[in-house]
Amino acid sequence: MPLESAVQRISSRLSRVGRLPLLSRVSEPSAHAVSEQDAQGFLRSQKLAYDCAVAIGRELQPGWTERRTADLMDVYLRDHGVKTFFHHSFAWFGDRSSFQGFRHYWDFMPSRSRRLEEGQVVILDTAPVVEGYAGDIGFAFAKHPHAELARARSLLLAMRQELLDLFSGPAPTKEIWAKVDQRIREQGFQNCHEKYPLGALGHRLHRVPLPNLRGVGIPFTLHAYWSLLSRGLFPEVLGPWHEGEKEGLWAIEPHFGNERFGIKFEEILIVKDGQAAWLQEDPPHMKLPEGFY
Amino acid sequence: MSLRQKNATLRGLSTGWWSSSEPAPGKPILFFIHGFPDDAESWRPQFELFEQAGYPVIAPYLRGCGPSEPASDRVRYSRDAVVLDHLEILREECRTWGEREVVVIGHDIGGMHAWTLARMLGPRLKGLVLVNAPDVGQLLRRVTRPKQVAKSSYIPVFLVRGIADRWFGPEADRSVRFARKKGGLTQPLPLPGDVSSLLEHYRAAFRDFRRVLFQKPDLVRAPVLAIAGKDDAFLEVPTQQEFKGYADKVELRVLEGNHWLQIEQKDQVHRLIQRFVEGASHAS
């Protein structure tokens, strides 16, 4: 197919960039083989990111804008020593948490005008780099009991287990994408992660070079662009057409919703010798902290 | 009296504040934020009186001052970082007191932190009191007022690292006495010691000038009481017009006096704040 061959050609050319003589020295090896030390590094980054989302989520009040919320998350992370990000923080409220009406890349940016209203669902998503390890989390919640969200969360947590089975099984990655999509639609929800750039259900995460260099770029930093582009981009993003290895480390972010709200989680999944396991056993969406629904 | 000084490691840094130990139920928290070159003691004449009346009071030491250790990373002095510290202090106290509404009260540069905290509290905010304390944006917009420019001529000096730090560093007592004398403080107030780290609050606010000048501030919808000194050596008397876009309901009171009204006009300021707090409570 012309599109597939074009994707392969672009991907191949992009991945040559990372192998250029000087540039290859600043590019960490691919995370396809994840050592125990690396796993602990990524875990630290994930935990800090989740701590941030919970801390800011706890303070979140009606009237806060998405932009203010995201900025405070970045401030929290900077206060904890983060110098750069894979991407800066996002906050989406209400129907924006399911990307209603999003058409352009900049629609995803936290809004300066959207203010949190009582009872709305919130998604906080942030990706700090800690000691060179990029983390990426997504956390959906409401500040008051929300029956619809609770039902969606049950489906999301069931999907968390199903993803382990899929990644441990023989299905190729694009089939995994299709199965998740089918599952979402069967339950009467819209697939929201298909609206992410390249329809990402997930993406690779790597150690980033020069982590003490302050991150430039909005919302993804140059560190992120380098990380993905120098490895060919397309094999790094698990979209509906993905072809490539399952082994190694992924940030997996199933995201679905309806016209009123969306729900997601984003966690690191490590596939080693054909067996998949979540890096973190106890992220906040598994057992919601007090005051979160 | 049941005031106690508390210390805790909040967000990785040792932070100190005064708080009540036995507040009466149902009363809103009064959160007092001091200015420069002061510490939390500058609010004692007020918070002691309110504490005796059963109000839960909190009076933090700003980052870099007294028991609130200075931060090596200057980002910790930004208004956003300080507001996260203050929210953390509120959370600590509300574990014992239960969730309560809050009246935020600021003096001098404590006022800019008071505005920031007020904007973050949502429906919990009952009111905002500013004593000799414009918001950063209001002060910057006074650049068209020559008298204010003259009164603020010390600020550019504060922004340059190394100059004012010597004056307000280990031998700060003389400089603090000078500043207080200029600001009309005649009542005794303990000297705070080395307050050079407080200069970082000015510098952080300046680094944020793009957001201050070009972004519309969030409107504070709770009542605001602004108390100004007619003869304030550092600040021109504000106008009602200055608050447009900042707050819905502003009561402006101009008193005879200079820059440390909460001490020099202690009883008058106390009555104004008390009436405001009771009025805000009844209005809820």
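Parameters at a glance
- Residues numbered from 1 in each chain as written.
- Chains lettered and ligands numbered in written order.
- Predicted model: local features only at pLDDT ≥ 70, side-chain atom pairs only at ≥ 80, totals over all residues.
- Heavy atoms only, no water.
- Phe/Tyr/Trp six-rings, centres within 6.5 Å; stacked < 30°, edge-to-face > 60°.
- Helix = DSSP H or I, 4+ residues; strand = E, 2+ residues; numbered from the N terminus.
- Buried < 20%, exposed > 50% of the residue type's maximum accessible area, 1.4 Å probe, protein only.
- Pairing = 2+ DSSP bridges.
- Axes fitted to C-alpha atoms, helices over the stretch in contact; angles between N-to-C directions.
- Parallel < 35°, antiparallel > 145°, perpendicular 65-115°, else oblique.
- Contact = heavy atoms within 4.5 Å.
- Nonpolar A, V, L, I, M, F, W, Y, C, P; charged D, E, K, R; others polar.
- Salt bridge = Lys/Arg side-chain N within 4 Å of Asp/Glu carboxyl O.

1. Considerations on the packing of aromatic side chains
Given two aromatic rings, one states the distance between the centres and the angle between the planes to describe the pair.
Now for step 1: Counted according to the given criterion, the structure contains 30 aromatic pairs over all chains.
Now for step 2: Ring geometry for F141 of chain A and F292 of chain A: centres 4.9 Å apart, planes at 70°, overall edge-to-face. Here F292 of chain A lies in the segment after β11 (275-278) and F141 of chain A lies in strand β4 (residues 137-142), a separation of 151 residues in the sequence. Across the pair, F292 of chain A and F141 of chain A agree in class, each one buried.
Now for step 3: Measuring from centroid to centroid gives 5.1 Å for F32 of chain B and W43 of chain B, while their planes differ by 50°, and the two rings are tilted. Taken as a pair, F32 of chain B in strand β3 (residues 29-33) and W43 of chain B in the loop between β3 and α1 (44-52) lie far apart in primary sequence, 11 residues in all.
Now for step 4: Relative accessible area serves as the criterion here: at 1%, F32 of chain B is assigned to the buried category.
Now for step 5: Three or more aromatic residues joined by ring pairs make a cluster, and in this case those are F90, W92, F99, F102, F108 and Y196 of chain A.

2. Here we look at the pairing of strand β7 (residues 220-229) of chain B
Residue and element names in this part refer to chain B.
Now for step 1: Among the 10 residues in β7, eight count as buried, and that is most of the element.
Now for step 2: Here strand β6 (residues 125-131) runs beside β7; their pairing, made up of four bridges, is parallel. Opposite V131, over in β7, you have I227 as the bridge partner.
Now for step 3: Sheet analysis places β7 next to strand β8 (residues 247-255), joined by eight bridges and oriented parallel. Paired with P223 across the strands is K249, a residue of β8.

3. Focus on the pairing of strand β5 (residues 102-107) of chain B
All names here are of chain B.
Now for step 1: β5 sits mainly inside the fold: six of its six residues count as buried.
Now for step 2: Here β5 shows a buried face lined by V102, V104 and G106 and a second buried face lined by V103, I105 and H107.
Now for step 3: Where β3 meets β5, five bridges bridge the pair, whose relative direction is parallel. Looking across to β5, one finds that F32 is bridged to I105.
Now for step 4: Both β5 and β6 contribute to a ladder of six bridges, which runs parallel. Residue pairing across strands places V102 opposite L125, the latter belonging to β6.

4. Some thoughts on the sheet that holds β3 of chain B
Residue and element names in this part refer to chain B.
Now for step 1: Strand order in the open sheet formed by eight strands is β1-β2-β4-β3-β5-β6-β7-β8, with mixed pairing between adjacent strands. Sheet topology places β1 (3-10) and β8 at the edges, where each strand pairs with a single neighbour. For this sheet the average axis-to-axis angle between neighbouring strands, irrespective of direction, equals 20°.
Now for step 2: Direction of pairing for strand β2 (residues 13-20) relative to strand β4 (residues 57-60): antiparallel, over a ladder of three bridges.

5. Re the packing of helix α3 (residues 66-79) of chain A against helix α2 (residues 79-97) of chain B
Now for step 1: Two elements in contact, α3 of chain A and α2 of chain B, have axes separated by 9 Å at closest approach and are oriented at 85°. The orientation of α3 of chain A relative to α2 of chain B falls into the category roughly perpendicular. When α3 of chain A is examined against α2 of chain B, the residues R68, L72, V75, Y76 and D79 of chain A are found in contact with a partner set consisting of D80, A81, V83 and L84 of chain B.
Now for step 2: Residue composition of the contact of α3 of chain A with α2 of chain B, grouped by class: six nonpolar, no polar and three charged.

6. A word on the pattern of salt bridges
For side chains of opposite charge, pairing can occur when their charged atoms come near one another.
Now for step 1: By the definition in use, this model includes 43 salt bridges over all chains.
Now for step 2: A salt bridge links D95 of chain A to R114 of chain A, with the shortest nitrogen-to-oxygen separation between them at 2.8 Å. Separated by 19 residues along the polypeptide, D95 of chain A in the loop between β1 (84-93) and β2 (121-130) and R114 of chain A in the loop between β1 and β2 bring together distant segments of the chain.
Now for step 3: Given a relative accessible area of 23%, R114 of chain A falls into the partly exposed group.
Now for step 4: K230 of chain B is the salt-bridge partner of E256 of chain B, the closest N and O atoms lying 3.2 Å from each other. One end of the pair, E256 of chain B, is in the loop between β8 and α11 (261-264); the other, K230 of chain B, is in the loop between β7 and β8, and 26 residues separate them in sequence.

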